[in-house]
Amino acid sequence: MTSDFEAQLRAVSLRVTRPRLAVLTALRDHPHVDTDTVIALVRVQHPTVSHQAVYDVLRALTDAGLIRRIQPAGTTARYESRVGDNHHHVVCRSCGAIADIECAVGHAPCLTASDDHGFAVDEAEVVFWGTCPDCSAGRTTR
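Below is a short write-up of the structure. Values in this document were obtained by computation on a predicted structure and should not be read as measured data.

## What to know about the side chain of H88
Looking at the element boundaries, H88 is found in strand 3 (residues 88–92). The class of H88 is buried, set by a relative accessible area of 1%. Within the structure, H88 has its side chain in polar contact with the backbone nitrogen of V126 (distance 3.4 Å).

Set out below in structure tokens:
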């Protein structure tokens, strides 16, 4: 998989570095994690990587379109490596778990605005809120 990441970085004119590869690996293996979690995951393999280096990598990868930054209302920013589609998310109101939901209908923007006010809409961002199965099960056993 590292060679795939290297090709992705080169395709967007970014240098291949250990921190960039480590962040891409962390997000592939752990989608929807916050910055502190990314830092902890990267430091397992590269203990000397600084906070600032990870912040810089996250920004560069987001700007290049290799990762996506999401921030559902009232939550900290999270990152995922699933890009290139217009999927949505479901967020647990209790524990904050996030899962992907496929596009509502076909290709982006997946939804049609009742009035687009003349905008050329190319993406729809939808967040579904609810209670995850683990939290639901905990409520019924109390």
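## Some points on the state of the cysteines
For the structure on display, the rule yields zero disulfides. Among the cysteines around C92, which has no disulfide bond, C132 carries the closest sulfur, lying 3.7 Å off. By relative accessible area, C92 is classed as buried at 5%. Cysteine C95 remains unbridged, with the sulfur of C135 as its closest cysteine sulfur at 3.7 Å. Take C95: its relative accessible area is 47%, and that puts it in the partly exposed class.

## Focus: the pattern of salt bridges
Within this structure, the stated rule accounts for seven salt bridges. Between D29 and R28 there is a salt bridge; the shortest N-O distance is 2.8 Å. We classify D29 as partly exposed; its relative accessible area is 42%. Here D56 makes a salt bridge to R59, at a shortest N to O gap of 3.3 Å. With a gap of three residues between them, D56 and R59 both fall in helix 4 (residues 51–63), about one helical turn apart. R59 sits in the partly exposed class, given a relative accessible area of 48%. Through salt bridges with shared partners, one network takes in R82, D85, D100 and E102.

About the cut-offs
- Residues numbered from 1 in each chain as written.
- Predicted model: local features only at pLDDT ≥ 70, side-chain atom pairs only at ≥ 80, totals over all residues.
- Heavy atoms only, no water.
- Helix = DSSP H or I, 4+ residues; strand = E, 2+ residues; numbered from the N terminus.
- Buried < 20%, exposed > 50% of the residue type's maximum accessible area, 1.4 Å probe, protein only.
- Polar contact = N/O pair within 3.5 Å; in protein donor to acceptor, adjacent residues only side chain to side chain.
- Disulfide = S-S within 2.5 Å.
- Salt bridge = Lys/Arg side-chain N within 4 Å of Asp/Glu carboxyl O.

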